[in-house]
Amino acid sequence: MGRGSAISGTFITSKLVTEPQLSSEKLKLQKRKSIEASRGCDNIKERSVAFMHLTNHPGSVRCRRQNPNRSPIRKSNGESGWGDINIGEKYGFYGDCCSREKRELGSRERQRGCEQYFTSFDMLRPIGRALRQVTSSSCHNLHVRRRTFSGTFVNPCRSFRLYNTIPNLSNSHPNLRTYSSHRSFLSCSILNQCRYFNTAASASTAAVEQLNYDRSNAIADTIDAYSAIELALDSVVKIFTVSSSPNYFLPWQNKAQRESMGSGFVISGKRIVTNAHVVADHTFVLVRKHGSPTKYRAEIKAVGHECDLAILVVESDEFWEGLKFLELGDIPSMQEAVAVVGYPQGGDNISVTKGVVSRVEPTQYVHGTTQLLAIQIDAAINPGNSGGPAIMGDKVAGVAFQNLSGAENIGYIIPVPVIKHFVEGVEASGYYSGFCSSGLACQTTENIQLREYFKMRPDLTGVLVCKINPLSDAHRVFKKDDILLAFDGVPIANDGTVPFRNRERITFDHLVSMKKPNETAVIRVLRNGEELELTVTLRPLKPLVPIHQFDKVPSYFVFAGLVFIPLTQPYLHEHGEDWYNTSPRRLCERALREVPQKPGEELVILSQVLMDDINVGYERLSDIQVKKVNGVDINNLKHLYQLVQDCKEENLRLDLDDERVIVLNYDRAKTATSHILKRHRIPSAMSNDLLTPETTAH
């Protein structure tokens with residue numbers, strides 16, 4: 001029996017050569033009779049049988065292929081091809097058959113070509129079926145099996161090597177390849193009438209080309225993942241941290257220690273980069289490289305809690321054997337793929353997750369509560385991933401550090417500019433110097449009436465200065481109601497943003513944060529309708545109430561059972577997760593809104609009263625600010641300690657907020673202090689930092 005047909009992606013024109021040669025008149029008559037006979041049938045099978053009866057004679061038709069290199073053409077997608085589309089070539093197919101089977105198959109394919117010539121609609125349906133056959137074959141074998149259109153037998157043992165396929169798929173997944181060794185039975189005259197089929201075939205292959213594009217991307221992503229793994233094996237390490245956080249309600253003692261794990265990666269200079277929160281409040285740190293059972297002691301060289309980055313060093317030379325350092329790359333573009341490498345929870349071995357860049361913009365860093373540039377990706381970042389690199393190509397695109405709670409697969413990585421700013425700052429000064437702040441609080445000028453009031457011309461854009469930090473250099477340069485028009489020549493829009501890369505915008509604070517400490521910036525301002533260019537020196541600024549106190553022992557002073565501490569946000573956080581609503585309202589507002597008016601200023605509070613005879617009646621005075629000691633305004637806790645120690649009067653008077661007053665007999669209070677400390681097992685009446693000379697904090 002005859003064999004079926006399969007679709008071909010390479011179309012090669014074949015020419016009919018008949019043996020023995022028939023006269024032209026007899027051949028035309030035979031064609032006309034076969035066409036008329038086939039038109040009277042209802043389906044392809046009946047037409048085929050009718051055609052076979054009319055043409056099935058010894059020596060009817062034998063076909064051979066002419067040289068395919070004769071007529072090369074260029075396809076629409078830029079690839080090379082051959083000749084015009086040939087319907088017989090599209091469906092014609094030879095296996096290793098006997099001579100009679102070849103003749104039967106040739107007759108049927110010739111008849112099929114005539115049908116395609118007269119019925120274009122019937123011609124399109126088999127093409128759809130053939131395309132579906134090719135695309136669905138990827139779910140089955142590596143070979144596309146031949147199909148029959150008349151229910152004939154298909155030899156299951158005969159398969160064909162997969163070659164060039166549907167245009168643009170020659171080098172893609174092998175399941176999408178099909179056969180090129182086909183035979184054509186359609187005469188050249190009929191072929192010329194079927195050239196319009198080119199458009200139909202191109203439209204039909206569009207879906208397959210899209211499938212090829214998606215699969216090519218998937219293959220490329222897989223290759224990137226393998227590359228990331230190869231890089232990670234010799235550069236990413238696992239970090240084991242033992243930490244103990246202070247108890248801010250009882251600042252003379254720590255909370256129970258806890259163990260945590262994170263990730264890190266090696267950079268030049270035998271250094272390990274990780275997240276600051278991985279080693280925050282550490283007491284002991286170990287690192288382990290991939291494939292090694294040994295853990296090595298690590299020391300913290302520098303830590304920047306604002307940018308959530310830290311640098312570790314390991315003294316052991318054995319640890320560094322076989323390790324390779326990673327290079328820092330650049331900010332990835334939108335929809336670029338990155339591979340996050342680390343040691344997340346759920347296993348002990350290294351893990352790689354894939355994601356694409358969703359957006360790049362300043363984001364709140366949860367650990368340091370600062371606003372810095374961050375990259376959002378759709379890769380899963382789980383506990384343990386923190387500190388691991390996000391690799392793009394063969395370089396680091398960022399450091400994984402946080403995710404969005406309550407959302408699926410929304411993670412954030414620290415971009416390379418922030419990493420370089422941290423690392424280069426440590427290299428230059430030997431310690432973490434921080435990120436600069438302008439010291440300005442600004443308002444947008446999107447309202448046209450506001451712009452007209454401040455004499456802004458239609459071609460000017462900028463933001464309004466509302467508040468200036470007294471400790472910043474901006475306090476010397478700027479005035480309230482100035483309009484900031486440009487920062488270092490970059491125009492500031494009315495919404496406070498500046499151009500960033502290709503059609504992206506970010507707040508101009510990013511330009512400020514990327515400045516090095518004590519670096520200057522030229523800012524163009526509008527003051528009373530006049531444009532000025534002013535130069536300001538930028539430096540990190542400390543808030544009145546510290547946002548975090550990692551790796552520090554809390555300051556405290558106990559006198560007569562009164563516990564004095566500087567107000568910090570970690571102290572407010574001790575009131576629970578909903579600390580903003582559960583902590584003392586007045587203290588919370590001051591912590592978030594007030595700025596220091598002089599260097600070294602702290603907001604000192606009476607946190608609690610340890611009950612004793614000396615302080616009976618004062619037990620309800622807690623969580624209240626202390627303003628004066630014997631009529632002298634206090635600057636910070638150390639100043640309060642010195643005023644109490646140097647008291648020469650019989651009584652000690654403390655003026656508190658809300659006009660409250662505490663009066664103690666000084667000698668009796670000093671005597672009672674030692675008893676209270678012993679009763680409450682407090683090792684010292686004051687923290688060590690109050691006993692040492694005041695130094696500049698790094």
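Novice: I'd like a description of the overall build of the protein, backed by residues and values.
Specialist: Looking only at helices and strands, one finds 16 helices and 32 strands in the protein. A burial count over the protein gives 47% of its 698 residues as buried. Accessible surface, the protein: about 35100 Å² in total, of which carbon and sulfur atoms supply 49%.

Novice: Quick rundown of the nonpolar core? Include the residues and the values.
Specialist: I377, F422, F478 and L484 are the most contacted members of the largest nonpolar core, which has 65 residues in total. Residues F559, L621, L677 and L690 belong to the second largest nonpolar core, which totals 52 residues.

Novice: Which residues make up the environment of G529, and what values do they have?
Specialist: Residue placement: G529 occurs in the loop between β24 (519-527) and β25 (530-538). Spatially, the C-alpha atom of G529 lies 9.6 Å from that of D482, the residues being 47 residues apart in sequence.

Novice: Break down the pattern of salt bridges for me, with residues and values.
Specialist: A full pass over the atoms with the stated rule returns 25 salt bridges. With a closest N to O distance of 3.1 Å, E531 and R457 form a salt bridge. With a gap of 74 residues between them, E531 in strand β25 and R457 in the loop between α9 (448-453) and β19 (463-468) connect regions that are remote in the sequence. When its relative accessible area of 32% is taken as the criterion, E531 is described as partly exposed. Residue R457 is classed as partly exposed on the basis of its relative accessible area, which comes to 40%. Two residues, R593 and E589, come together in a salt bridge whose shortest N-O distance is 2.7 Å. One end of the pair, R593, and the other, E589, are both in helix α14 (residues 585-593), 4 residues apart, so they sit about a helical turn from each other. Put simply, R586, R590, E594, K627, D657 and D658 are held in one network by salt bridges that share partners.

Novice: A description of the packing of aromatic side chains should follow, citing residues and the corresponding values.
Specialist: Tallying each qualifying case throughout the model produces 13 aromatic pairs. Each ring, one from Y432 and one from F435, has its centre 6.5 Å from the other, and the planes form 50°; the classification is tilted. Just as Y432 is buried, F435 falls in that class too. Considering the side-chain rings of F557 and F564, the 6.2 Å spacing of their centres and the 25° angle between planes classify their relative orientation as stacked. F557 sits in the buried class, given a relative accessible area of 1%. An aromatic cluster of three or more residues is present, and its members are F557, F559, F564, Y641 and Y666. The positively charged end of K295 is found above the aromatic ring belonging to F240, 4.0 Å away from the centroid. Taking NZ or CZ as reference, R585 lies 4.7 Å from the ring centre of Y580, over its face.

Novice: Give me the lowdown on the sheet that holds strand β11 (residues 309-313), citing residues and values where you can.
Specialist: Reading across the sheet, the 7 strands line up as β9-β8-β5-β6-β7-β11-β10 and stay open at both edges, with antiparallel pairing between neighbours. The outermost strands of the open sheet, each flanked by one partner alone, are β9 (296-297) and β10 (299-304). Bridging between strand β8 (residues 282-289) and β9 involves 2 bridges; their strand directions are antiparallel. Along β9, the bridge assignment pairs V287 with Y296. Strands β6 (258-267), β7 (271-274), β10 and β11 of the sheet are contacted by helix α8 (residues 416-429), whose axis makes an angle of about 50° with β11.

Novice: An account of unusual backbone geometry is needed here, citing residue identities and associated values.
Specialist: Peptide bonds are mostly trans, and most non-glycine residues show a negative phi. In this structure, R501 takes a positive phi of about 55° despite not being glycine. With respect to the helices and strands, the residue R501 is situated in the loop between β22 (497-500) and β23 (504-507). For N630, which is not glycine, the phi torsion reads 50° and is therefore positive. Mapped onto the elements of the fold, N630 is located in the loop between β29 (624-629) and β30 (632-633).

Novice: So what's going on with the pairing of β23? Which residues, and what values?
Specialist: In this structure, β22 lies alongside β23, joined through 4 bridges in antiparallel fashion. By the bridge assignment for β23, F500 is matched with E504. Counted between consecutive antiparallel strands, the loop separating β22 from β23 contains 3 residues, among which R501 sits at a positive phi close to 55°.

Novice: Hey, could you go over the environment of T673 for me, with residue numbers and the actual values?
Specialist: Along the chain, T673 turns up in helix α16 (residues 666-679). Measuring from C-alpha to C-alpha, the distance between T673 and V558 comes to 7.5 Å, with 115 residues separating the pair along the chain.

Novice: Before we move on, can you summarise the sheet that holds strand β17 (residues 411-415) with the specific residues and values?
Specialist: Read around the closed barrel, the 6 strands follow the order β12-β13-β14-β17-β16-β15; overall the barrel is antiparallel. Averaged over all adjacent pairs, the angle separating strand axes in this sheet is 50°, with direction ignored. Along the sheet, α8 makes contact with β13 (351-365), β14 (370-377), β16 (395-403) and β17, crossing β17 at roughly 45°.

Rules of the game
- Residues numbered from 1 in each chain as written.
- Predicted model: local features only at pLDDT ≥ 70, side-chain atom pairs only at ≥ 80, totals over all residues.
- Heavy atoms only, no water.
- Helix = DSSP H or I, 4+ residues; strand = E, 2+ residues; numbered from the N terminus.
- Buried < 20%, exposed > 50% of the residue type's maximum accessible area, 1.4 Å probe, protein only.
- Areas by Shrake-Rupley, 256 points an atom, 1.4 Å probe, with all protein chains shown as cover.
- Core = buried A, V, L, I, M, F, W, Y, C linked by side-chain atoms within 4.5 Å.
- Salt bridge = Lys/Arg side-chain N within 4 Å of Asp/Glu carboxyl O.
- Phe/Tyr/Trp six-rings, centres within 6.5 Å; stacked < 30°, edge-to-face > 60°.
- Lys NZ or Arg CZ within 6 Å of the ring centre and 35° of its normal.
- Pairing = 2+ DSSP bridges.
- Contact = heavy atoms within 4.5 Å.
- Axes fitted to C-alpha atoms, helices over the stretch in contact; angles between N-to-C directions.

In short, geometric facts, not functional conclusions.
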